[in-house]
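Chain and residue survey
Chain by chain, the residues run as shown.
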Amino acid sequence: MRIPVSFLSAALIAAALSVAGCDRSPAPPAEPFQATDITGADFGTDFHLTDHTGKPRSMADFKGKVVALFFGYTHCPDACPTTMTELKIALGKLGPQARDVQVLFVTVDPGRDTPDVLSKYVPAFNPTFLGLSGTAAQLAEAQKAFKIVAQKVGGEGGGYTVDHSAGTYLFDRQGRLRLFVSYGAGAKVMEHDIRLLLQGPR
C-alpha cells in the first residue's frame, strides 16, 4: 500500500518533536538570596544628600551598579565598623566585579560627622566607599524614606551615642530596592547576595 508523502512528513515531524520534548529539561531554579528579599517594597526609592567630597547625590547617580546602603555614624562602637568591615571583605572577595558595587554610608550623627570626618572614616574601609550627609531636613527625609530609627542617647557633649537601625539595604543595577541584610549576617551573606544581584535581572 502506498503511503502519502504528506502523511510521512507529518509523522516524521511529530516524532522529532516528541524526541525533542524528551530531551527538554526544566530550567534550574534561580539560586535563592540569603538575606531578606523585600523586592517590591513601597519605600526606600531615593534620597537627596551630599557625599563627603561635596557632590550632591541621589540613587540615579549609581544606576548600573549594585548599591549597599547603610545608616550609621563614625563614633559607633560596634554595629557600624562591623558592617563596614563586612562590606569591605565582601567586595574583596568579588574581585574585578567590585567595581560595579557602590557602598554608601549615611550618617545619623551630622553634628559630629562633618564632611572632613566622613572623608577620613568611610574610605578607610575601602577607597570607593562614600559617606553621605546633608541638612537636618534632608537626613530626616532619608531616614523616613528608608524606615530608619535614630535616637541620641546621653549628654549633648561628645560622649553621647546614637541608637539606630543597623541593617543594610541592597539595590540591584536598575536602582530597585531588593534586599535587607540584618546586622551580623556576615560578609559571606553580603558577598553571596551582591554577586547574585550583579548577574542581572532575576
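Quick look at the structure, then. (Residues numbered from 1 in each chain as written. Predicted model: local features only at pLDDT ≥ 70, side-chain atom pairs only at ≥ 80, totals over all residues. Heavy atoms only, no water.)

Describing the pattern of salt bridges
Pairing is possible between side chains that carry opposite charge, provided their charged atoms lie close to one another. Overall, the coordinates contain 7 salt bridges when judged by the stated rule. One salt bridge in this structure joins Asp109 and Arg112, with 2.6 Å as the shortest N-O distance. The burial state of Asp109 is the same as that of Arg112; both residues are buried. Linked through salt bridges whose partners overlap, the residues forming this network are Asp172, Arg176 and Arg178. (Salt bridge = Lys/Arg side-chain N within 4 Å of Asp/Glu carboxyl O. Buried < 20%, exposed > 50% of the residue type's maximum accessible area, 1.4 Å probe, protein only.)

Some thoughts on the nonpolar core
Across soluble globular proteins, nonpolar side chains show a tendency to be buried alongside one another. In terms of nonpolar packing, the biggest core is built from 56 residues, with Phe47 and Tyr169 touching the most fellow members. Excluding anything up to four places from it in sequence, Tyr169 contacts Ile38, Phe43, Val67, Ala68, Leu69, Phe146, Lys147, Ile148, Leu177, Leu179 and Phe180. (Core = buried A, V, L, I, M, F, W, Y, C linked by side-chain atoms within 4.5 Å. Contact = heavy atoms within 4.5 Å.)

Some details on unusual backbone geometry
Phi angles above zero are rare outside glycine, and Lys147 is one such case at about 55°. Mapping Lys147 onto the fold places it in the loop between helix H4 (136–145) and strand E7 (150–153). (Helix = DSSP H or I, 4+ residues; strand = E, 2+ residues; numbered from the N terminus.)

Some details on the packing of helix H2 (residues 79–94) against helix H5 (residues 187–198)
Relative to each other, H2 and H5 sit at 50°, their axes nearing to 8 Å. The pairing of H2 with H5 is recorded here as oblique in orientation. Where H2 crosses over H5, the handedness of that crossing is right-handed. Each of Thr83, Glu86, Leu87, Ile89, Ala90, Leu91, Lys93 and Leu94 in H2 lies in contact with H5, whose residues at this interface are Ala187, Met190, Glu191, Ile194, Arg195 and Leu198. Classifying every residue of the contact of H2 with H5 by side-chain character gives 9 nonpolar, 1 polar and 4 charged. (Axes fitted to C-alpha atoms, helices over the stretch in contact; angles between N-to-C directions. Parallel < 35°, antiparallel > 145°, perpendicular 65-115°, else oblique. Left-handed = near helix turned anticlockwise from the far one by under 90°. Nonpolar A, V, L, I, M, F, W, Y, C, P; charged D, E, K, R; others polar.)

Examining the environment of Ala30
Relative to the assigned elements, Ala30 resides in the loop between helix H1 (5–23) and strand E1 (36–37). In sequence terms Ala30 and Leu196 are 166 residues apart; their C-alpha atoms lie 9.5 Å from each other.

Observations regarding the pairing of strand E8 (residues 161–164)
Because side chains alternate across E8, one face comprises the buried residues Val162 and His164, and the other comprises Thr161 and Asp163, none of which is buried. When E7 meets E8, the two strands line up antiparallel, connected through 4 bridges. Bridge pairing links Ala150 to His164 in E8. (Pairing = 2+ DSSP bridges.)

Quick notes on the packing of aromatic side chains
Applying the stated criterion to the full structure yields 8 aromatic pairs. For the pair Phe70 and Phe105, a centre-to-centre distance of 6.1 Å together with 40° between the ring planes defines the contact as tilted. Pair noted here: Phe70 is in strand E4 (residues 66–72) and Phe105 is in strand E5 (residues 101–107), with a separation of 35 residues, a long-range link. Grouping residues by exposure puts Phe70 and Phe105 together as buried. An angle of 70° between the planes, with centres 5.2 Å apart, marks the rings of Tyr121 and Phe125 as edge-to-face. Pair check on accessibility: Tyr121 and Phe125 agree, each one buried. Among the aromatic residues, ring-to-ring pairing joins Phe43, Phe71, Phe146, Tyr169, Phe171 and Phe180 into one connected group. Here Arg112 stacks its cationic end above the ring of Tyr160, 3.7 Å away from the centre of that ring. Geometry around Phe43 places Lys147 over its ring, the cationic atom sitting 5.2 Å from the centre. (Phe/Tyr/Trp six-rings, centres within 6.5 Å; stacked < 30°, edge-to-face > 60°. Lys NZ or Arg CZ within 6 Å of the ring centre and 35° of its normal.)

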